[in-house]
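Notes for the structure review
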Amino acid sequence: MRKLVLVIGLCIGLSAAGNFLVNHNFEEALSVGWQSYLTSATYDSVMRGTGYEPDPDYEAYLTKSFGGYAKLWQAIDIMTVDSFSFSIKAKLYAYDNNADSLCWAAAAIIISYINSAGTVLGTTRICRKTTPCAWTNTSTNHLINVTDSLWHAYSFDLRTELINLPGVIPSQVKKIQVALFDTCAHTC
């Protein structure tokens, strides 16, 4: 059996002028502004609470066990990637207790860059993964690998981040999706 746990404390700013995500700090129920998908109601969960980080604020907590994925996400329309920044405080945990080389686990915050037709042009993944997870850097996928399971703050300017994704044309990005993502391959 393998278990993958993703714990997120979300503090997202997607513009210098304000925060465009609804319920960005999870102070309201997760059904406010967020959508979720769980492969299994038995082995997966998405929750919110104040006890995941040592502060009084709410955080979201996503868990995934066995195969498939769990996801909590929200998308916003944008005019341009200029002047937009992304910031988050997160704790990512990925664990696979099976030595089988076909089994793996990964936890990530995924920022997807989407065009006007709804096609994902590329992604940035702040991630923690086990071997042999096949996620790699490509012209449309940028990995920011996390090396421990402690709380860390991450932030970047979207225009600058897209330099890491030469396959994405910034002027084509019309929507940003922010997702908490948990996945594992369980082949045994």
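Residues numbered from 1 in each chain as written. Predicted model: local features only at pLDDT ≥ 70, side-chain atom pairs only at ≥ 80, totals over all residues. Heavy atoms only, no water.

Here we look at the sheet that holds strand 2 (residues 35–38)
Taken together, the six strands give an open sheet; going across it, the order is 2-5-11-7-8-9, and neighbouring strands pair in mixed fashion. In the strand order of this sheet, the two ends are held by strand 2 and strand 9 (141–145), each with one partner. Put simply, the sheet's adjacent strands are angled 15 degrees from each other on average, direction ignored. Note that strand 2 and strand 5 (residues 68–77) share four bridges and pair antiparallel. Within strand 5, the residue paired with Leu38 across the bridge is Ala70. (Pairing = 2+ DSSP bridges. Helix = DSSP H or I, 4+ residues; strand = E, 2+ residues; numbered from the N terminus. Axes fitted to C-alpha atoms, helices over the stretch in contact; angles between N-to-C directions.)

A short note on the pattern of salt bridges
One pass over the full model with this rule turns up two salt bridges. Residue Arg159 is joined to Asp82 by a salt bridge in which the shortest nitrogen-to-oxygen separation is 2.6 Å. Of this pair, Arg159 sits in helix 1 (residues 158–161) while Asp82 sits in the loop between strand 5 and strand 6 (85–94), and the two are 77 residues apart along the sequence. You can call Asp82 partly exposed: its relative accessible area is 32%. (Salt bridge = Lys/Arg side-chain N within 4 Å of Asp/Glu carboxyl O. Buried < 20%, exposed > 50% of the residue type's maximum accessible area, 1.4 Å probe, protein only.)

As for the environment of Asp148
Tracing the backbone shows Asp148 in the loop between strand 9 and strand 10 (152–157). Those residues in contact with Asp148, other than ones at most four positions away along the chain, are Leu92 and Arg128. At a separation of 3.0 Å, a polar atom in the side chain of Asp148 contacts the main-chain amide nitrogen of Leu150. Reaching out from Asp148, the side chain makes a polar contact with the side chain of His152 at a distance of 2.7 Å. (Contact = heavy atoms within 4.5 Å. Polar contact = N/O pair within 3.5 Å; in protein donor to acceptor, adjacent residues only side chain to side chain.)

Overview of the side chain of Thr124
Mapped onto the elements, Thr124 comes out in strand 8 (residues 120–129). Residue Thr124 is classed as buried on the basis of its relative accessible area, which comes to 0%. At a separation of 2.9 Å, a polar atom in the side chain of Thr124 contacts the side chain of Glu161. Sequence-distant contacts of Thr124, that is, excluding residues within four places in its chain, are made with Ile109, Ile110, Ile111, Tyr113, His142, Ile144, Phe156, Glu161 and Leu165.

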